[in-house]
Amino acid sequence: MATLTVTQNFGKGAKDLSVYKSLGGYSSIGSRLFDLSQFELIDLVTSSGLRGRGGAGFPTGMKWSFVPRNSGKPVYLVVNADEGEPGTFKDHFLMLEDPHRLIEGMIVCGWALGVRTAYIYVRGEFLPAIEALNAALKQAYDAGLLGENIAGSGYSLDIYVHRGAGAYICGEETALINSLEGFKGQPRLKPPFPAVSGAWASPTCVNNVETLMALPWILENGPAAYQALGTPKSGGTKVFSVSGDVKRPGVYEIPLGTPLMELLESPDLCQGVIGTLKGVIPGGSSSPVLTAEEAKKANMDYEALASLKTMLGSGAVVAFNETRGAVGMLASLTRFYAHESCGQCTPCREGTGYADRILKTVVAGKGRDGDLEHMLDIADNISYTTICPLAIADAWPIQNFIGKFRSEFDAEVAKNPGHAQARVSSDFRPGAFW
Amino acid sequence: MSNSYHWPVLPGKDTKKVVINVDGVDAEVPEGTNLVEALKTIGIETPHFCYHQDLPVAGNCRQCMVETDGPRGMGLAIACYTPVRPGMKVATDRSSEKVVQARKAVMEFQLANHPLDCPICDKAGECSLQDNYMSAGRQPSRMREDIGKQYKGAPDLRHEDSKGQERGGKHVDLGDTVVLDQERCILCDRCVRFMRDVAGSEQLYIASRGDHAFISTFPGEKLAHDYDLCVTDVCPVGALTGKHFRFQQRVWMLGKTETIDPTDSFGANITVEHHDGHAWRIMPRRNPDVNKSWIANSSRLAYKALSENRLASGMFGRAEVPLHQAVSRLGELVRGARKVALVASGHLTLEDNVAVAALAHALGTKAEVFGGSWLPVGQPDGIARTGDPVPNRKGLRLLGIPSNLDDLPGRAGEFDVLVVVGNDLWGADASKAKALERIPERIALTPWLDATAKAATLAVGVRSWAEARGTMVNAAGRIQVLQAAPILPSPDLEPVWQVLSAAGGLGWTSELDAFRFAQARVPALAGLTYRTIGPMGRPLEGVSA
């Protein structure tokens, strides 16, 4: 059994404080943490190689080091638990099974950054997880592990749970902060970045649930041990949410760098693919899809997936077999992104919707030659021209599904007997007016 | 929408200049300003929708793309949110194919769900979509007709048009002044920012999300603010239109006359827009030192009075007489009078008031000049009104005309002729004015058939503020020029100074004569001409706010 750093308490009833403590929980909240200076702690996290587990994979220690210390404003810690990426469900289970580990991780992060008030922004639909969190918070407060003067250290931290109202975009950190403040959940212009001016225009650190939950283990076992679990560049372990056509879908923690096929086929893990593997979405719905051949070469770490022009993302692995049509899958994804575009900036607002309507027309048997090219062009035009990466999250599936399963899309268009008909009327002659 | 406000940094007179490289050529631009403004200073226009000089930057339309150099090489960035750094490299659409393509793409997206109903749209002719299409789009449509457009608008307004297309959100009544056409909206959120950050009253917001988002008031509430018509100015498309101007005129027919708001001593800069001898609307004229881009609804609607209840002739009591008769009668009366009270007016220009002073001078000791107003003075609103309805009060003080109107009723018995010039005393305070009816000959020079004209024994119609050239000094001590719009209700009407010049034999042939007369008396005006005052006005030396 591989070393587990985050999910070791799954199935052990660690929701309860006494169980969590009996499993070694909160052992870092004492001299192990409070003897470290803020700088030592940040250095420790940096040397562990821990990277943000929410999707972007930004080095956590570096993120913390950007938070200014003497701004004269409070520093906020906001936990991003707005897990909305289709295919991702790890944070939900992490909070449900082991909420105290998150609280412990937050205390560690809070000490590192001098945080007095922290928020957990939870996706509103996760009601059981929210209840588990609130119960755990109450236990922690009662045990003196939160609030004033934590464990006699002189350090104080308050944690509040904030329910989101249901928007994918609120997983983007500035949209999340807006939503937390009570504004419409729309990303902000950057700079300033949240580290400098985030919640209530104060320095704010936004971290994913899983990132923070890795901290207690790192503190207990040392950064070198954590780093040694993964590859030299991607240290540690990662929790994957595996779904789709596998025999045993679920949440699995494996060291970074594990081959994708091992995750899918190991008897300890997913126990194999149902049917013949056709492709895998390796890191959540926005990550570029891998064909079966590519999947066989893929190792699950940041660098290996980047070399295959995809990404680790949130670790949502969706495997699908030959019975699944690429057109239908892409149609689900474009519908999702068109629905979840916040509508703030033009390319994403109009582009995601228009691409979706083209694909819907194709699926309805009314596709015409040139429709796919138009979709690809829209995907190009919405990439890197918007405030936040939601548009790219729509563009990548469009480009990769059409690019890698082109014959299926062409066949879908050809179902329309009049597919060769001109897409737009030829009345318009550019230059006719002037 | 958030707590982060990014007001644009605009170039000022003292902004330090730095060298940047634009399209391969070094150019000096003001440091720290955003690239839209910086490029404007060297003659490069950047198409944009959401950016507005007097609103916080939202950066949501993505039309103003340029390429700038960053740590990863040249990359697309929005010009409105990229500050000028010394030595930076910028590529515009003149040198970068990537920028051309990005702007074309955004233009295509903007138009994807726009109804393209320009032939019936009031904004046509001054629409950013049209302008930016010509500069940044100009491409054939790739949109399939049978895919149609996304419905934009409130769900309860949805209906099908004759082609089976989902339509709705048309002519949504937002309040007393503004109508919203939700499907024309490109969601730049300028109106939301105006109401929130300038008007200081959040009454508009963007409901829903994605391409079905729409502008709305809060449920059950109306758009109601003294400045709410400004949202129709900032709207880059025809989504927000003012009820006063809907379907009245095509904007390209309108001639524009640059002048000054006559309803308040703030001296907001405005444009009177006219066609065929009628004023059709008043628009704010941007002056960063005065009213920025804003005017109050009351200033904007002041054009209506220009064609209502005008006195286009003379009146002997109730009898209408030709103007020339009324003017010569005026001359006879003042020359033959034993003692004349002349009431100057802060509603009129310096030229008109200096004519009052010159007439008093010509009449000698038997004439006395009174100045002031009986209109109530309100509070400043912090945007474009001081609350003082007398626009040229400071100008009167400058000319040395005393503010002693309140003395006049008590001394009414001393005079046998009263000349009230452009000052509706009976309309402002009828009870105080009542005492003036003891004066046997009451003469009113007024553009309107107002209460004073009715109380007068002789009323002479004159040109209004919009029809004669002149200058006013606003509450901040800034002299500004009013220009004459070609909208005379009657060709016989003359400016006040000309009527008084004829009555007193002053021999003035142009407002310049009046202005020169004023310059001889007032040192602060020395050396000025209408040209040096310019369309933006200038602060007068030694005149405090």
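Only a predicted model underlies this, so the values are computations on that prediction, with no experimental measurement involved.

1. Focus: the sheet that holds strand 8 (residues 277–281) of chain A
All names here are of chain A. Strand order in the open sheet formed by 5 strands is 6-5-11-8-9, and the pairing between neighbours is mixed. The sheet terminates laterally at strand 6 (250–255) and strand 9 (290–291), the two strands that pair on one side only. Inspection of the sheet shows strand 5 (residues 237–244) paired to strand 11 (residues 316–321) by 4 bridges, in the parallel sense. Within the sheet, the bridge partner assigned to Val242 lies in strand 11 and is Val317.

2. Overview of the packing of helix 15 (residues 326–340) of chain A against helix 18 (residues 390–404) of chain A
Residues and elements named next belong to chain A. Look at helix 15 against helix 18: their axes get within 10 Å of each other, and the N-to-C directions meet at 170 degrees. Between helix 15 and helix 18, the angle falls in the class roughly antiparallel. Every residue of helix 18 that contacts helix 15 at Ala326, Met329, Leu330, Leu333, Thr334 and Tyr337 is listed here: Leu390, Ala393, Asp394, Pro397, Ile398 and Phe401. Residue composition of the contact of helix 15 with helix 18, by class: 10 nonpolar, 1 polar and 1 charged.

3. Thoughts on the domain arrangement of chain B
All names here are of chain B. When the domains of chain B are assigned, the result is domain 1 (17–112), domain 2 (116–143 + 168–247) and domain 3 (309–539). The C-alpha centroid of domain 2 is placed 25 Å from the C-alpha centroid of domain 1. The interface is formed by 17 residues belonging to domain 1 together with 20 residues belonging to domain 2. For the side of domain 1 that touches domain 2, the residue count by class is 10 nonpolar, 4 polar and 3 charged.

4. Considerations on the domain arrangement of chain A
Residue and element names in this part refer to chain A. Domain annotation for chain A reports domain 1 (17–226), domain 2 (230–321) and domain 3 (326–414). Computed from C-alpha atoms alone, the centre-to-centre distance between domain 2 and domain 3 is 24 Å. Taken together, the residues that form the side of domain 2 that touches domain 3 break down as 3 nonpolar, 4 polar and no charged.

5. What to know about the interface of chain A and chain B
Every contact between the two is made by 38 residues of chain A and, on the other side, 33 residues of chain B. Of all the secondary structure elements, the ones that give two or more residues to the side of chain A that touches chain B are helix 8 (173–181), helix 15, helix 16 (346–366) and helix 17 (371–382) of chain A. The element contributing the most residues to the side of chain A that touches chain B is helix 16 of chain A, with 10 residues. Of the residues in the side of chain A that touches chain B, the class split is 15 nonpolar, 16 polar and 7 charged.

6. Observations regarding the confidence of the model for chain B
Averaged over every residue, the pLDDT of chain B is 94; residues scoring 70 or more account for 99%. The ipTM assigned to the predicted complex is 0.92, against a pTM of 0.94.

7. Considering the environment of Glu408 of chain A
Residue and element names in this part refer to chain A. As for its placement among the helices and strands, Glu408 is situated in helix 19 (residues 406–414). Given 16 C-beta atoms within a 10 Å radius, Glu408 is considered partly exposed. In this structure, the C-alpha to C-alpha distance between Glu408 and Glu172, residues 236 residues apart in sequence, is 33 Å.

Analysis parameters
- Residues numbered from 1 in each chain as written.
- Chains lettered and ligands numbered in written order.
- Predicted model: local features only at pLDDT ≥ 70, side-chain atom pairs only at ≥ 80, totals over all residues.
- Pairing = 2+ DSSP bridges.
- Helix = DSSP H or I, 4+ residues; strand = E, 2+ residues; numbered from the N terminus.
- Axes fitted to C-alpha atoms, helices over the stretch in contact; angles between N-to-C directions.
- Parallel < 35°, antiparallel > 145°, perpendicular 65-115°, else oblique.
- Contact = placed C-beta atoms within 7 Å.
- Nonpolar A, V, L, I, M, F, W, Y, C, P; charged D, E, K, R; others polar.
- Domains from an automatic or database assignment.
- pLDDT = per-residue confidence, 0-100.
- Buried ≥ 20, exposed ≤ 12 C-beta atoms within 10 Å, placed from the backbone.

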